[in-house]
Amino acid sequence: AYCRFLPLASLVALWWRRKEIAAAPKRTDWRGGPVGAFGLFLHWAGVLAQQPRLSAVALIFLLWGLPFLLYGYGVARHLLFPCGYLFLAIPLNFIDSMTAPLRLFATAVSGGILNGCGLEVQRVGSGLFSGAGNAFSFNVAPECSGLRSLLAMTALMAFYAWYSQKTLAKKWALFLFSVPVAVAATICRIILVVVVAAFFGQE
């Protein structure tokens, strides 16, 4: 649901860079032609294959390639982030395959930490069960794998990194750091739920 706000964030990024874009030297740059042509090819392939996601990707290439062609790289370089950010708004089916590994990883790490802290639990697949009288039993459902928060965190962190950091290396470092942060947040959530259940009951 957050994806609908990402184009608005791209427009905000453009607004913040409006002075740089206005001051950039403007001249035709034919290097933008292949970028625009590639976008048109993707759209054609998307229509043939009935894959609207390809057409969405094609639109992003066109949004960057056409100003590149008409006004040159001086303008296009300021459009790299506003246009590239839109890729995070395109849903990708293959990401769903990460749900099961994330569930198992979060459950295994949570179980290890809980046992290490003296709260005995047994892990079976993505389930955590009390090791003392089965006072609680929880299954980490697909919705609780942390994938949704991971995707939302990367979208949020990408914009924050672009806005707050000056160098490209720091921007990428902060953006990539959002992945372990999101996974750690999921593990903390599982641990807290189990701890509360252990002391106050599953209900």
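Below is a summary of the structure that appears in this document.

1. Focus: the side chain of Lys171
- Inspection of the secondary structure puts Lys171 in helix 8 (residues 168–200).
- At 11 Å, Glu20 is the nearest oppositely charged side chain to Lys171, a buried residue that forms no salt bridge.
- A distance of 2.6 Å separates the side chain of Lys171 from the backbone oxygen of Gln165, its partner in a polar contact.
- Apart from the residues within four sequence positions on either side, Lys171 is in contact with Ala161, Trp162, Gln165 and Lys166.

2. Quick word on a nonpolar patch on the surface
- A cluster of nonpolar side chains, Val12, Trp15, Trp16 and Tyr163, forms an exposed patch at the surface whose accessible area comes to about 450 Å².
- Residue contributions to the nonpolar patch peak at three residues, all from helix 1 (residues 6–16).
- Its place among the elements puts Tyr163 in helix 7 (residues 147–164).

3. Quick look at the packing of helix 6 (residues 99–116) against helix 8
- The interhelical angle for the contact between helix 6 and helix 8, taken along N-to-C directions, is 55°, at an axis separation of 9 Å. In terms of orientation, helix 6 lies oblique with respect to helix 8. Helix 6 and helix 8 meet at a crossing whose hand is right-handed. Here Leu102, Phe105, Ala106, Val109, Ser110, Ile113 and Leu114 of helix 6 lie close against helix 8, whose contacting residues are Val183, Thr186, Ile187, Ile190, Ile191, Val194 and Val195.
- Each residue belonging to the contact of helix 6 with helix 8 can be placed in one class, and the counts come to twelve nonpolar, two polar and no charged.

4. With respect to the layout of surface pockets
- If you add up the space inside the largest pocket, you get close to 790 Å³.
- Residue lining of the largest pocket: 21 residues in total, with Leu80, Phe81, Trp162, Leu168 and Lys171 positioned closest to the centre.
- Looking at which element gives the most residues to the lining of the largest pocket, the answer is helix 5 (residues 73–84), with six residues.
- Looking at side-chain class alone, the lining of the largest pocket contains 13 nonpolar, three polar and five charged residues.
- Considered as a void within the structure, the second largest pocket measures approximately 520 Å³ in volume.
- In terms of lining residues, the second largest pocket is bounded by 25 residues, among which Tyr2, Leu92, Ile95, Leu147 and Leu151 are the most central.
- With six residues, helix 7 is the single largest residue contributor to the lining of the second largest pocket.
- Of the residues that constitute the lining of the second largest pocket, the class distribution is 17 nonpolar, four polar and four charged.

5. Considerations on the packing of helix 3 (residues 32–49) against helix 4 (residues 52–71)
- For the pair helix 3 and helix 4, the least separation of the axes is 7 Å and the interaxial angle reads 160°. Taken together, the axis directions place helix 3 and helix 4 in an arrangement best described as roughly antiparallel. In the crossing of helix 3 with helix 4, the sense of the turn from one axis to the other is left-handed. From helix 3, Gly32, Gly33, Val35, Gly36, Phe38, Gly39, Leu40, Leu42, His43, Ala45, Gly46 and Val47 reach across to helix 4, where they touch Leu54, Ser55, Val57, Ala58, Phe61, Leu62, Trp64, Gly65, Phe68 and Leu69.
- Across the contact of helix 3 with helix 4, the residue classes break down as 14 nonpolar, eight polar and no charged.

6. Here's the deal with the nonpolar core
- Leu114, Val121, Leu128 and Val194 are the most contacted members of the largest nonpolar core, which has 17 residues in total.
- Sorting the residues of this core by element identifies helix 6, helix 7 and helix 8 as the ones contributing at least two each.
- Judged by nonpolar contacts, the second largest core, of 15 residues, contains Leu42, Val57, Phe68 and Leu86.

Rules behind the numbers
Residues numbered from 1 in each chain as written. Predicted model: local features only at pLDDT ≥ 70, side-chain atom pairs only at ≥ 80, totals over all residues. Heavy atoms only, no water. Helix = DSSP H or I, 4+ residues; strand = E, 2+ residues; numbered from the N terminus. Buried < 20%, exposed > 50% of the residue type's maximum accessible area, 1.4 Å probe, protein only. Lys, Arg positive; Asp, Glu negative; His and termini not counted. Salt bridge = Lys/Arg side-chain N within 4 Å of Asp/Glu carboxyl O. Polar contact = N/O pair within 3.5 Å; in protein donor to acceptor, adjacent residues only side chain to side chain. Contact = heavy atoms within 4.5 Å. Patch = residues over 30% accessible without salt bridge, like charges linked within 9 Å, V, L, I, M, F, W, Y side chains within 5 Å. Areas by Shrake-Rupley, 256 points an atom, 1.4 Å probe, with all protein chains shown as cover. Axes fitted to C-alpha atoms, helices over the stretch in contact; angles between N-to-C directions. Parallel < 35°, antiparallel > 145°, perpendicular 65-115°, else oblique. Left-handed = near helix turned anticlockwise from the far one by under 90°. Nonpolar A, V, L, I, M, F, W, Y, C, P; charged D, E, K, R; others polar. 1 Å grid on protein atoms, 1.4 Å probe; cavity = no way out; pocket = protein on both sides within 12 Å on 5 of 7 lines; lining within 4 Å. Points joined across faces, edges and corners; volume = space filled by probe spheres on them. Core = buried A, V, L, I, M, F, W, Y, C linked by side-chain atoms within 4.5 Å.

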